[in-house]
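Commentary on secondary and tertiary structure
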Protein chains: 2
Amino acid sequence: MTMKPENQSLQSVNIEGPVCPTPLPHNDRIVLGHGSGGRMSHDLIARTFFAAFSNPALTARDDAARLLTSSGEQLAISTDSHVVSPLFFPGGDIGRLAVCGTVNDVAMLGAEPLWLTAGFILEEGLEIETLQRVVASMQAAAQEAGVQIVAGDTKVVQKGKADGLFITTTGIGVIRPGVNISGAGARPGDVVIISGPIGDHGIAVLQARGELGFDSDICSDTAPLNGLVSALLSANAAAVHVLRDPTRGGLATTLNEIARQSQVGILLEEDRIPVRPAVAAACEMLGFDPLYVANEGKLVAIVAPHAAQDVLDAMRSHAYGTEAAIIGRVEAGAPGQVLMKTAIGGTRVVDMLAGEMLPRIC
Amino acid sequence: MTMKPENQSLQSVNIEGPVCPTPLPHNDRIVLGHGSGGRMSHDLIARTFFAAFSNPALTARDDAARLLTSSGEQLAISTDSHVVSPLFFPGGDIGRLAVCGTVNDVAMLGAEPLWLTAGFILEEGLEIETLQRVVASMQAAAQEAGVQIVAGDTKVVQKGKADGLFITTTGIGVIRPGVNISGAGARPGDVVIISGPIGDHGIAVLQARGELGFDSDICSDTAPLNGLVSALLSANAAAVHVLRDPTRGGLATTLNEIARQSQVGILLEEDRIPVRPAVAAACEMLGFDPLYVANEGKLVAIVAPHAAQDVLDAMRSHAYGTEAAIIGRVEAGAPGQVLMKTAIGGTRVVDMLAGEMLPRIC
């Protein structure tokens, strides 16, 4: 299945809005924007971490590192620190988030996640009952995902030197033989699929902070996506070129990363991107663009056109993909850029998140 | 080589000092003692983490989890969060510590560490130059250990919600074929070897905090021990039953863990345990027992008696084991207990660290 009615090439579109990236402030200190997942994070990572730790597994810039053991087994390994505030929010908590976030990063390489480790940093004075609720939630999420938490560590810092509870999870999975999924795999003609409505997680956390200013029943989408990945790979594994979960920085940032890694253009159709009415309303009131709001239970699949309908059907038949939708396509023009055909008929550049919109969302 | 002149069995010794463990305070909130690595940590782990996450790899209670891939490869996986204060101290910094701590935990299963991941939690306002110094130190330690840092994550929290910089590292290694090292492997008759003088790290960190009250030239021993492990395994891999690095809680806590896991007694000889004079003096002034002070570049090897001299020689020929010494032996009596023949000729119980002596030492 290919996108309709879109036959316009990216090179010929009438571009609205700024093309130049916003210049970065040259701070000599860490600011919240460095943790946004957007442009400032990328800049910090490139200047500080890649500059020191350069190796092919790291600089591939995928959600997980791809590693080959001496016996020829391909492992996927990923790590995430979780600092979400508050610890509990509608639809989830830091424990469920820590398990799902890492399970998903491993799954996005087409790997079967098997094992997790968890490092806990606890603030003196944290209620042990709170910790136990979080740990129970981690175990429930791990069971749902079919992974085991095999190693852990606990550190305690003085009151005022942390914020309740931080959890760093690392996931290890085995990449299925014959699967070759990477952010660098998108090809012109490929179809862009999102697994469901965007922005739920970020708005649910804001609501839990009391920053929404009104009542809503928006729940975080935090979920383990390895089952959904299995389902869509069963439809046609060879046709799935990219998988990525649009967390910090939202769908816009994730697609920009893919466009850069693959050196392709991505053209979205605004009116095909699913957003729940309550999330859309909250974003409008708060001045947010849902394209930049974090998700924790959604994935983007970039798929060869001939297999797109089969992959979409497989996703829709899974509980975490019932609202999956084709939202755009990959083009040869404008490599490294994401453009969007707006609902009113124009086309605008969709840039990476520049600074920080919603700190401590994950 | 066996211990001399010690031929007394543990059952017949005249025990000085308390045998009963100190009762734990029943707090409903996290206190610093829960991060000590001693009895309160063990209690929290058992009640909270093992209760929820129970699986054989976790509850084996080794420094790293032992995992079998479908192709039959045995992996060792370990994680540690690092919250040391201050970030820089004589002989090391949080970056070197984060790499070495995790490399060592993987190596203590007789595995060759290959890959690390690193999750950074940064406090808003941290100087980027500080972060870059830490990252450069991590890379230097990783190069020394021969491991690659293959995946990472960065989160930023608001000023006052963390303490500069926390780093959680996870290490993945491959267990050498035929090696079967575990805290449960000590057998009566085995010889206990320490790789060098104890207590340097804890005292060096205290000194960096200005809490020593006098000047000293004590440096942390923070070092990657995988090379030392390779050297001692080359001497006689099958004879090496236990390896463990005595970090938080010190040598006393580590030996208690081994005595419990293996259900054996351990009898130490006080005057054989190497302690640098400056560390001994600092401990005496501060009222600390060096047996409970953290090390970050030492290991305990428990070895079959017939191979003890060969293993000791191999350790002494390695840069990180030049001062290795035989300090005790494993006995069938008093299972789960560590006893020490004191310099003045008595014998006392050496219990696990109960609460917290030195918070945020790693």
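Because the structure is a prediction, the values reported are computed rather than measured.

Before going further, it helps to examine the domain arrangement of chain A. In many reports, interface size means the accessible area that the parts give up when they come together. Residues and elements named next belong to chain A. Partitioning chain A into structural domains gives domain 1 (63-175) and domain 2 (191-349). For domain 1 and domain 2, the distance between their C-alpha centres works out to 23 Å. In this complex, domain 1 contributes 23 residues to the contact, which on the side of domain 2 involves 23 residues. Across the domain 1/domain 2 interface, buried area totals approximately 1800 Å², and carbon plus sulfur atoms make up 57% of it. If you sort the residues of domain 1 by the area they bury against domain 2, P90, N104 and M108 come out on top, with a joint share of 30%. Joining domain 1 to domain 2, the criterion identifies one salt bridge. Between domain 1 and domain 2 we count eight residue pairs in polar contact (both at pLDDT 80 or more) in total.

Our next topic: the pattern of salt bridges. On inspection of all chains with the given rule, the structure shows 38 salt bridges over all chains. Across the pair D163(A) and R360(A) runs a salt bridge whose closest N-O atoms are separated by 2.9 Å. Here D163(A), found in the loop between β7 (148-157) and β8 (165-175), pairs with R360(A), found in the segment after β15 (347-349); they are 197 residues apart in sequence, far enough to count as distant. Take R360(A): its relative accessible area is 5%, and that puts it in the buried class. Note that R276(B) is salt-bridged to E323(B), the shortest N-O span being 3.5 Å. With R276(B) in the loop between β11 (265-269) and α8 (277-286) and E323(B) in the loop between α9 (308-316) and β13 (325-331), this residue pair connects regions lying 47 residues apart in the sequence. The structure contains a network of salt bridges with shared partners spanning D62(A), D63(A), R66(A), R244(A) and E257(A).

For the rest of this paragraph, the subject is the sheet that holds strand β2 (residues 65-68) of chain A. Residue and element names in this part refer to chain A. Spatial strand order, β2-β3-β8-β6-β7: five strands in an open sheet with mixed pairing. One side of each edge strand has no neighbouring strand; the edge strands of this open sheet are β2 and β7. Here the strands of the sheet are splayed against their neighbours by 20° on average, with no regard to which way each runs. Bridge count for strand β3 (residues 74-82) against β8 is eight bridges, and the pairing is antiparallel. In the sheet register, I77 faces β8, and the bridge partner there is I172.

This part covers the interface of chain B and chain A. Listed as interface residues are 72 residues of chain B and, on the opposing side, 72 residues of chain A. Between chain B and chain A, roughly 6600 Å² of surface is buried when both sides are summed, and carbon and sulfur atoms account for 65% of that area. Looking only at chain B, the three residues that lose the most surface to chain A are I30(B), F53(B) and I128(B), adding up to 10% of its buried area. Inspection of the chain B/chain A interface yields six salt bridges. A salt bridge links R29(B) to E127(A); its shortest N-O distance comes to 3.1 Å. Inspection of the region where chain B meets chain A yields 35 residue pairs in polar contact (both at pLDDT 80 or more). For the side of chain B that touches chain A, the elements supplying multiple residues, two or more each, are α1 (39-53), α2 (56-59), β2 (65-68), β3 (74-82), β6 (111-123), α4 (128-145), β7 (148-157) and β8 (165-175) of chain B.

Here the focus is the environment of V191(B). Residue and element names in this part refer to chain B. Positionally, V191 belongs in strand β9 (residues 191-194). Of the residues examined, V191 reaches a relative accessible area of 1% and is grouped as buried. For the pair V191 and R329, spaced 138 residues apart in sequence, the C-alpha to C-alpha distance is 4.4 Å.

Structural remark: α-helix, 3.6 residues per turn; residues separated by three or four positions point the same way. All names here are of chain A. Taken as a whole, helix α8 (residues 277-286) has its buried residues at V279, A282 and C283. Seen along its axis, α8 keeps its buried residues to an arc of 100°; they face one direction. Away from its buried face, by an angle of more than 90 degrees, α8 presents the exposed residues P277, E284 and M285. Where α8 is buried, its residues touch α5 (200-208). Looking one or two residues past α8, G287 carries a phi angle of roughly 80°, positive in sign.

Next up on the list: the relation of the copies chain B and chain A. The transformation that overlays chain B on chain A combines an axial shift of 0.0 Å with a rotation of 180°, and the residual RMSD is 0.0 Å. Both chain copies can therefore be described as sitting about a two-fold axis. It is A162(B) whose C-alpha, among those of chain B, lies nearest the rotation axis, at 2.0 Å.

Before going further, it helps to examine the pairing of β6(B). A regular strand places its side chains so that they alternate between the two faces of the sheet. Residue and element names in this part refer to chain B. Counting buried positions along β6 yields 11 of 13 residues, so the element is predominantly enclosed. Bridge count between β6 and β8: 11 bridges; the pairing is antiparallel. Looking across to β8, one finds that E112 is bridged to V174. Where β6 lies against β7, nine bridges are found, and the strand directions are parallel. Within β7, the residue paired with W115 across the bridge is Q148. What joins β6 to β7 is α4, and the crossover it makes is right-handed.

Calculation rules
Residues numbered from 1 in each chain as written. Chains lettered and ligands numbered in written order. Predicted model: local features only at pLDDT ≥ 70, side-chain atom pairs only at ≥ 80, totals over all residues. Heavy atoms only, no water. Domains from an automatic or database assignment. Contact = heavy atoms within 4.5 Å. Buried area = accessible area lost by both parts, 1.4 Å probe. Salt bridge = Lys/Arg side-chain N within 4 Å of Asp/Glu carboxyl O. Polar contact = N/O pair within 3.5 Å; in protein donor to acceptor, adjacent residues only side chain to side chain. Helix = DSSP H or I, 4+ residues; strand = E, 2+ residues; numbered from the N terminus. Buried < 20%, exposed > 50% of the residue type's maximum accessible area, 1.4 Å probe, protein only. Pairing = 2+ DSSP bridges. Axes fitted to C-alpha atoms, helices over the stretch in contact; angles between N-to-C directions. Arc of directions from axis to C-beta. Least-squares fit on C-alpha atoms with pLDDT ≥ 70 in both. Right-handed = clockwise from strand over helix to strand, strands pointing away.

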